[in-house]
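Listed here are the chains, written in short residue letters.
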Amino acid sequence: MEVKERVELQLGRAEEETKRLAQIWEELEVLGDPMRKEVAAVRKKIDMANRDLKPLGQSCQKKLLTESERQRMKKLEELSKNIEYLDKDIQ
């Protein structure tokens, strides 16, 4: 064989392999795409849940603060009554 024929034969093989690799690449992309879409959907759901939970967490925190303030006021009132009671006993 001449050098030209060998080069053409190798170029033909290279083209065939390139086509084969492109086909394999497309098949891999098809397999990968559903997983990427599923991951994106799950991430979107997580983000939405976080957005929903953030205000809920803030309102719970405010509620806890309100309840603790009520408890403090109640204890202060009890202390105040005790002091008044003790003050009356001393006089």
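Here's what I pulled together on the structure shown here. (Residues numbered from 1 in each chain as written. Predicted model: local features only at pLDDT ≥ 70, side-chain atom pairs only at ≥ 80, totals over all residues. Heavy atoms only, no water.)

### Digging into the overall build of the protein
And then number 1: Assigned secondary structure in the protein consists of 1 helix and 0 strands.
And then number 2: In terms of overall size, the protein is more extended than a compact globule, its C-alpha atoms giving a radius of gyration of 38 Å where 91 residues would be expected to give roughly 12 Å.
And then number 3: Expressed as lengths along the three principal axes of its C-alpha atoms, the size of the protein is roughly 130 × 20 × 10 Å.
And then number 4: Counting every position in the protein, which comprises 91 residues, the buried fraction comes to 1%. (Helix = DSSP H or I, 4+ residues; strand = E, 2+ residues; numbered from the N terminus. Rg over C-alpha atoms; globule rule 2.2 N^0.38 Å. Buried < 20%, exposed > 50% of the residue type's maximum accessible area, 1.4 Å probe, protein only.)

### Some words on the environment of Arg70
And then number 1: With respect to the element layout, Arg70 can be found in helix 1 (residues 3–90).
And then number 2: For the pair Arg70 and Val30, spaced 40 residues apart in sequence, the C-alpha to C-alpha distance is 60 Å.

### Section: the pattern of salt bridges
And then number 1: Summed over the entire model, instances satisfying the criterion amount to 1 salt bridge.
And then number 2: Taking the shortest distance from any N to any O, the salt bridge between Glu17 and Arg20 comes out at 3.8 Å. Of the two residues, Glu17 and Arg20 both sit in helix 1, 3 residues apart, roughly one turn of that helix. (Salt bridge = Lys/Arg side-chain N within 4 Å of Asp/Glu carboxyl O.)

### A word on helix 1
And then number 1: Compared with an ideal rise of 1.5 Å per residue, which puts 88 residues at 130 Å, helix 1 spans 122 Å between its outermost C-alpha atoms and is within 8% of the ideal.
And then number 2: The sharpest bend along helix 1 comes to roughly 25 degrees, located at Gly32, with the proline Pro34 sitting one to four residues further on. (Expected span 1.5 Å × (residues − 1). Bend = angle between axes of the 7 residues up to and from the residue.)

Any functional reading would require information that these geometric values do not contain.
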